[in-house]
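As a plain string of letters, each chain reads:
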Amino acid sequence: MPDYDAIVIGTGQAGPPLALRLAGAGMKVAVVERNLVGGTCVNTGCTPTKTLVASAYAAHLARRADEYGVAIGGAIAVDMKRVKDRKDAVVEQFRNGLTGALEGAANCTLYRGHARFLSAREVAVGDERLRAGRIFINVGGRASAPAMPGLDQVAYLTNTSMMDLDILPRHLVIVGGSYIGLEFGQMYRRFGSEVTIVEMKPRLISREDEDVSAAVREIVERDGVAVRLNAECITLAKRGDGIAVTVDCTEGAPEIVGSHLLLAVGRRPNTDDLGLDRAGVACDARGYITVDDQLCTNVPGIWALGDCNGKGAFTHTSYNDYEIVAANLLANDPRRVSDRITAYALYVDPPLGRAGMTMAEARSSGRRVLVGQRQMTRVARAVEKGETQGFMRILVDADTKEILGASILGPGGDEAIHSVLDLMYAKAPYTVLQRAMHIHPTVSELLPTILGELQPLA
Ligand SMILES: Cc1cc2nc3c(=O)[nH]c(=O)nc-3n(C[C@H](O)[C@H](O)[C@H](O)COP(=O)(O)OP(=O)(O)OC[C@H]3O[C@@H](n4cnc5c(N)ncnc54)[C@H](O)[C@@H]3O)c2cc1C
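Each value, and the rule that gives it
- Residues numbered from 1 in each chain as written.
- Predicted model: local features only at pLDDT ≥ 70, side-chain atom pairs only at ≥ 80, totals over all residues.
- Heavy atoms only, no water.
- Buried < 20%, exposed > 50% of the residue type's maximum accessible area, 1.4 Å probe, protein only.
- Helix = DSSP H or I, 4+ residues; strand = E, 2+ residues; numbered from the N terminus.
- Contact = heavy atoms within 4.5 Å.
- Disulfide = S-S within 2.5 Å.
- Core = buried A, V, L, I, M, F, W, Y, C linked by side-chain atoms within 4.5 Å.
- Polar contact = N/O pair within 3.5 Å; in protein donor to acceptor, adjacent residues only side chain to side chain.
- Near = heavy atom within 4 Å.
- Areas by Shrake-Rupley, 256 points an atom, 1.4 Å probe, with all protein chains shown as cover.
- Nonpolar A, V, L, I, M, F, W, Y, C, P; charged D, E, K, R; others polar.

1. Comments concerning helix α1 (residues 15–24)
Then step 1. Most of α1 is tucked away, with seven of its 10 residues classed as buried.
Then step 2. Every buried residue of α1 is listed here: G15, P16, P17, L18, A19, L22 and A23.
Then step 3. Considering only its buried residues, α1 is in contact with β1 (3–9), β2 (29–33), α4 (80–104), β3 (108–112), β6 (128–137) and α9 (315–330).
Then step 4. Following α1 by one or two positions, G26 adopts a phi angle in the positive range, close to 100°.

Below, the structure is given as structure tokens:
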């Protein structure tokens, strides 16, 4: 039975950097991957979707070319095979880079197969048994398919199978109006499909503030995406060569017939087939591995990183998990999950960048809150680019002057949010940002301006 200092299960966004760091520190490390190196982000998540979003943006801009005084001289055609080829090339480049790094590293062995705990110190991979004093779980998650009536009767796509598509669906019906559903929805509409997004809740991305949800709805509807909200009783059935989605909405037709169905209704952790009970590792009711603030499980010598611990659902949270574990283990630096500030983006176009509290959260925090806000129609850079949908908002504690949160929905919102985020990490008062000289013309240059126009939050 091979003896290792560490076993890393899964090559998501935390496992590979951790394995390389441990191996670099002289430990003998085994890494186990049952599918594609790089996990969700590289193969079926961030990288391919953002590559496809870029193709969809090119198609969208080409259709708008005339508005900019540019003559295309013909119809805009999207070649889905070439779109997929471009996506595949980027994904392969990232995956091969990571695979090469793991295979080429001294002290590191990459095993291909499904890992299953035999005990708190032993893992089976096919016929092999690996043993180590430290085991790091980075198994991620997969799309969930809740029990909807008729789901077993119809073919459906998930974010994974969408990656194999090289044709244009005539009518893509997406069940789920949150981050993943919205990105695919706008993208396929821009490629040329008819798209309907069906959401059970009364608004899209219901975690966001109501005006953010409304503005995002306006953005995708302007592209021609149909949005059906309050779809409480979704049932599915075959209809000819299509799929009928019955929705119990308060308005609109009670049934939508699409050619393809994408389920984007949430994700579940890959912990059900890991043999966690053999190791005694505890999970919550939804299967997320229970960890403390430094990502230790209840079993000494076993850590859980990334989406499978339920502490985050992003590449940056998974990578931050790696940094926390490495800092604690190798650098005597007691970094913690609770040190991090909520931050993420939604990659519709224009994108939404988010940091810290929403307005609803700030309101219920019991603090005295000030708010600064501006529509993108009043941001020079947005007007110059001809991309004036969306708005930006920043929330401040009136007493401590700390920034509580921000939402930037507009061109470059995913980038501009970082100056707010960094100030929040610095725990500096908002006046530092208010007095900063930002570059003209940018979306970011309005952050100091709106901080000079703060009003009490009603
Ligand atoms: C469509 C989509 C778009 C996304 N876009 C973004 C984005 O733009 N930005 C962002 O920050 N996040 C995005 N995410 C989320 C992001 O992909 C994940 O949060 C990120 O990949 C972190 O995952 P992870 O490190 O937990 O593991 P994963 O990336 O899920 O990898 C886990 C790995 O473990 C392997 N594995 C599982 N079980 C076993 C086992 N028993 N034995 C061996 N190997 C095993 C799996 O095969 C997989 O390779 C997106 C997700 C989706 C689905």
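The structure having been displayed, the exposition proceeds.
2. Overview of the state of the cysteines
Then step 1. Applying the stated criterion across every chain, the model contains one disulfide.
Then step 2. In this model, C41 is linked to C46 through a disulfide, with the two sulfur atoms separated by 2.5 Å. Classification of the bridge connecting C41 and C46 rests on its S-S torsion, roughly -135°, and on that basis the disulfide is left-handed.
Then step 3. Overall, the relative accessible area of 12% leaves C41 in the buried class.
Then step 4. Between C108, a cysteine without a disulfide, and C308, which holds the nearest cysteine sulfur, the sulfur-to-sulfur distance is 19 Å.
Then step 5. Free of any disulfide, C296 has its nearest cysteine sulfur in C308, 14 Å distant.
Then step 6. Overall, the relative accessible area of 27% leaves C296 in the partly exposed class.

3. Some details on the nonpolar core
Then step 1. Counting residues in hydrophobic clusters, the biggest one holds 48 residues, and the most contacted among them are I7, I9, V29, F117, F136 and I137.
Then step 2. Contact partners of I7, with chain neighbours within four places excluded, come to A30, V32, V123, L130, R131, A132, R134, I135 and F136.
Then step 3. With 37 residues, the next largest nonpolar core counts I174, M187, I205 and L352 among its residues.

4. Quick word on the environment of E210
Then step 1. Secondary-structure assignment places E210 in helix α7 (residues 210–222).
Then step 2. Sequence-wise, E210 and G280 are 70 residues apart; in three dimensions their C-alpha atoms are separated by 43 Å.

5. A few points about the environment of D152
Then step 1. Relative to the elements of secondary structure, D152 occurs in the loop between β7 (141–143) and α5 (159–162).
Then step 2. By relative accessible area, D152 is classed as exposed at 67%.
Then step 3. Linking D152 and G192, residues 40 residues apart in sequence, is a C-alpha distance of 28 Å.
Then step 4. In this structure the side chain of D152 is engaged in a polar contact, spanning 3.4 Å, whose partner is the side chain of Q153.

6. A word on the site of the ligand
Then step 1. Around the ligand, the surrounding shell holds 39 residues, and the nearest of these are E33, T40, K50, D307 and S318.
Then step 2. At a separation of 2.8 Å, an oxygen atom of the ligand approaches a polar backbone atom of Q13.
Then step 3. Taking D307, its main chain carries an N or O atom lying 2.7 Å from an oxygen atom of the ligand.
Then step 4. Coverage of the ligand by the protein chains reaches 94% of its 1,000 Å² of free accessible surface.
Then step 5. Elements with a contribution of two residues or more to the shell around the ligand: β2, α2 (39–43), α3 (46–63) and α9.
Then step 6. In the shell around the ligand, the residues fall into 13 nonpolar, 21 polar and five charged.

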